[in-house]
Amino acid sequence: MSTSIAAQPPLMSSDPVKASRSSVQSLSPIVAQQTVSSTTEPLSSSKPLIDGQLMYAAQDSSLLTDLYQLTMAACYVGEGLDQRRASFELFTRRLPDNFGYLVAMGLEQALTYLEHFSFDAAQIEALQASGIFTHAPDRFWSLLAEARFEGDVWAVPEGTIVFANEPLLRVEAPLWQAQIVETYLLNTLNYQTLIATRAARLRDVAGAQATLFEFGTRRAFSPQASLWAARAALAAGLDATSNVLAALKLGRKPVGTMAHSLVMALSATEGTEAQAFTAFHRYFPGAPLLIDTYDTIAAAKHLADKLQQHKTELAGVRIDSGDLAVLSQQVRQLLPDVPIFASGDLDEYKITQLKATGACIDGYGLGTQLVTGAPVNGVYKLVEIDGIPVMKEATGKVSYPGRKQIFRCYEEGQVVSDCLGLMAESEQSASSSQRAAVSGQESVERPPDTFTGEQALMQLVMKQGQQLYAPETLETIAQRTAHSVATLPATARQIHDPLSISVEPSTALLNLIAKTQQRRQNSQVMF
């Protein structure tokens, strides 16, 4: 061990551990005129796959990729490189601002995508009709027609804490396959990891006793994103979601109260806010009520009278506007035994402030600030081809060579350091179940979670295109998330200027960086 890995990995020059500070914009290497002109010309409406609704379906997943993944794959085929064994790792070079950690999420959807990776005849015909692949070798089309993912995948379990430069996932597969799947994997893991991390931070500041609901469907970046956001939030410790489709698909009961529109509509047509509450309870007895449409305190007083007269039951009230701290205190005086929920663009900072000012709030509805925000800028980089370590050396965007493992060290149940090393260094400490999986033995068990000693975090989860384990329940993942966050020091969990855990490169990794750079320099001299 020699130095911490900063947000920017080091270039091995005169100072082997000095990180570059400048940054340049990376452009696609494919800018051929034919491609540019082809993409600006619309396809005839008679061409296959035309669908103005742009509704995404599972069978479309293999085409949900960037064009250059396919053009590179065609080039690999033409150059005879397509079947070379390649390893790509997915990681982030830096954490979002004021984040001290990330919670890895999205692995289940990533593995399902890989397991169903294929191209049907209509999709291939659409690609051919685009005119972009006129000079692609014929074997490219036969590869697509017969495509099935044949690779291995190593990953950290969902709910695991990771830091900058640590791989969430590694794909080891024929080069053309490992290349094409990049876009979908990044889309899946980047977004769910963002939501899971935000949810974990919200749970951490709100406390274990608070009820947290995911209300972000209307603010998520797409219908598909809303489903993934709901899943990631539940897997990271939230209690329920208002997204009906997500909840039912995940075997959960959706939650919610009402909107101001119901109170206004029924008040206008039936007379009063009180009558609106009565009408709603006629069909949903005792359901939580939204009480801030007109006068929060007046509504609370009315409900208090009804409760005292035993004329109603009430599972809770929600306040969506105004001074939430003051209003919640006043409502608590009137409704001492009724849970109070708050909503309205809440995030971990506002919840912290509410708690500090003595707000009497039992639960929070979390939407916009949960499902949007600064992205997790995960990247997916080639680290080895045909057993040859490779690395990117572009200014500000350096990547480390070789197939890597994360070694986490715990003392008294707390994370004290991480070491980023090579897979070869983990062979001695591999569990019996992992050795069985690597050797191809059948019926392996998922390694148990442990938070003691030194642990190797990357696990083999898919071999030769087949998942090794059944999907984990959301409860299991949420428990892992909670335990993982609890192992972090307070300085890494704080929401203002957190201090992330230092990640040390192993001596073997530093030596490999130097050898890889030297080999490249020698090859440049030769040519």
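Analysis parameters
- Residues numbered from 1 in each chain as written.
- Predicted model: local features only at pLDDT ≥ 70, side-chain atom pairs only at ≥ 80, totals over all residues.
- Heavy atoms only, no water.
- Pairing = 2+ DSSP bridges.
- Helix = DSSP H or I, 4+ residues; strand = E, 2+ residues; numbered from the N terminus.
- Axes fitted to C-alpha atoms, helices over the stretch in contact; angles between N-to-C directions.
- Disulfide = S-S within 2.5 Å.
- Buried < 20%, exposed > 50% of the residue type's maximum accessible area, 1.4 Å probe, protein only.
- Contact = heavy atoms within 4.5 Å.

## Regarding the sheet that holds strand β16 (residues 404–411)
- Read across the open sheet, the four strands follow the order β18-β16-β17-β21; overall the sheet is mixed. Taken across any chain shown, the strands that pair with only one partner, and hence form the sheet edges, are β18 (454–456) and β21 (503–505). With direction set aside, neighbouring strand axes in the sheet form an average angle of 25 degrees.
- Here β16 pairs with β18 via three bridges, running antiparallel. Of the residues in β18, the one forming a bridge with F407 is A456.

## Quick notes on the state of the cysteines
- Under the defined criterion, the tally for this structure stands at zero disulfides.
- Free of any disulfide, C419 has its nearest neighbouring cysteine sulfur in C409, separated by 10.0 Å.
- Using a relative accessible area of 6% as the deciding quantity, one classes C419 as buried.

## Concerning the sheet that holds strand β14 (residues 378–385)
- Strands sit in the order β15-β14-β3-β7-β5-β19-β20 across an open sheet of seven strands; the sheet is antiparallel. The sheet is open, and its two edges are formed by β15 (388–389) and β20 (466–467), each paired on a single side.
- Two elements, β14 and β15, share two bridges in a ladder whose sense is antiparallel. Looking across to β15, one finds that E384 is bridged to P389.
- Contacts between helix α3 (residues 107–115) and the sheet are confined to β5 (152–155), β7 (169–174), β19 (459–463) and β20, with β19 contributing the most and set at about 30 degrees to the helix.
- Helix α7 (residues 182–206) contacts β3 (85–92), β7 and β14 of the sheet and is inclined by roughly 135 degrees relative to β14.

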